[in-house]
Every structure is written in structure tokens, then in C-alpha cells.
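Structural features, examined
If you want the building blocks of each chain, they are given just below.
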Amino acid sequence: MFETREGEKLLEADPADMPPNGHVVFIGHILSPWTSREDCPKNMRAARETGRTATVLVDEPYRPGLQNLDRASHIVVLSWLDHAPRNLIVQKPRHAAEPKGVFSLRSPARPNPVGLHVAKLVALDIEAGRIEIDAIDVLDGTPVIDIKPYYASIDAFPEATIAGRDEK
């Protein structure tokens, strides 16, 4: 699914083969319109531009944790990008002139493939464990590891920049 490009470097040991030490549990999964990597939007902006919604389905034991989430207009969904390689430490993005360290990128290929998605909360059904959101940029069935409310007053930094990258 991921081809190695010139200039990229792999870790000596693949984190996927190491014993777990964080005891992370999946609390549910994402129902997404995207079934192949080729069709899946590369980021949340591109996902929103498609106009296609998604659902976070929370497993029964974790549904009480959804209480009062409907107070939030937007949520942060942390996902486990289970199809991504975990041993690629230096990557060469298609659009980049030179390789870059994984921690300077938003690529799903990383030692711990955690996805971060800020989405608009459209509807919440606690009993069914369904959170309808405006968009998502992951494949159907992607596991969810956490959900948090998004606080614009705390989480947003309008002055934030990335040197050498033009953002709209």
C-alpha cells in the first residue's frame, strides 16, 4: 500500500512487531464513505470539499462517556490508522523536493499511526453510540481511540505557520 521512495529511511525495528506497552484500546470505529486509499481525501479540508459525511460508532461499554458531548459544536477524533506502515521514519512526500522526518509531516505512516481529525458534530445518539460528523479523511472501519471536545479558545492558534508552506 505504501511504496518506498528515494531518500526515505526505515526504522531498524518495526513498531508493529514490538510488544505493546501503552494498552491502548479501540473504543469504536469510523463509518466512512472511503474504501480505498486512492479515493480517500488526503486531509479534512479535502474531505469537507466532497460534501460527504461520516459516522463515529462508539462501542457499547464506552457510550456513557458521550454524555454532554452534544454541548460541543466540533470534536476531535483520534483514530488508529491501521493500514499505515509504522517503520518509515524519513519520508519523501510526492510534492516535496527533499525527504522529511516523520514528525514534521501529517502522513499516516509513523511509529504510532494516530490520526487527528477536527470535525463538526452534526448529530449525537448516545444510546446507539452514533456521532454524525461533517467529514472524515480515513478509510471505512478505521478504529477510534479517543474523542474530545474541540475548544477554539484553547486549541486554535490563528498565527501558527509552517515555514516554506503556503496555506489558504
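We now turn to the structure provided with this report.

The rules behind these values
Residues numbered from 1 in each chain as written. Predicted model: local features only at pLDDT ≥ 70, side-chain atom pairs only at ≥ 80, totals over all residues. Heavy atoms only, no water. Phe/Tyr/Trp six-rings, centres within 6.5 Å; stacked < 30°, edge-to-face > 60°. Helix = DSSP H or I, 4+ residues; strand = E, 2+ residues; numbered from the N terminus. Buried < 20%, exposed > 50% of the residue type's maximum accessible area, 1.4 Å probe, protein only. Lys NZ or Arg CZ within 6 Å of the ring centre and 35° of its normal. Pairing = 2+ DSSP bridges. Axes fitted to C-alpha atoms, helices over the stretch in contact; angles between N-to-C directions.

Quick look at the packing of aromatic side chains now. Tallied over the full model, the rule gives 1 aromatic pair. For the ring pair F26 and W80, a centre distance of 6.4 Å and an interplane angle of 45 degrees mean the geometry is tilted. Of this pair, F26 sits in the loop between strand 1 (9-10) and strand 2 (28-31) while W80 sits in strand 4 (residues 74-80), placing them 54 residues apart in sequence. In this structure W80 comes out as buried when scored by relative accessible area, which is 17%. One Lys or Arg, R52, reaches over the ring of W34 and ends 5.1 Å from the middle of that ring.

The sheet contact formed by strand 4 and strand 7 (residues 114-125) spans 7 bridges and is antiparallel. Residue pairing in the sheet places I75 in a bridge with A119 of strand 7. As defined by bridge partners, strand 7 adjoins strand 8 (residues 130-133) across 4 bridges and the pair is classed as antiparallel. The partner of A123 across the bridge, within strand 8, is E132. The loop that links strand 7 with its antiparallel partner strand 8 comprises 4 residues; one of these, G129, has a positive phi angle of about 70 degrees.

Here the focus is the sheet that holds strand 4. The antiparallel closed barrel is built from 6 strands, whose spatial order is 2-3-8-7-4-9. This sheet shows a mean twist of 45 degrees between the axes of neighbouring strands, independent of strand direction. Note that strand 3 (residues 54-58) and strand 8 share 4 bridges and pair antiparallel. Counted as the bridge partner of L57 is R130 from strand 8.

Right, let's talk about the sheet that holds strand 5 (residues 88-91) for a bit. Think of a sheet as strands paired side by side through backbone hydrogen bonds, with each pair either parallel or antiparallel. A sheet is described by the order of its strands in space; here 3 strands give the open sequence 1-5-6, paired in antiparallel fashion. The open sheet terminates on both sides in strands that have one partner only, identified here as strand 1 and strand 6 (100-101). Across 2 bridges, the pairing between strand 5 and strand 6 is antiparallel. Note that in strand 6 the partner of Q91 across the bridge is K100.

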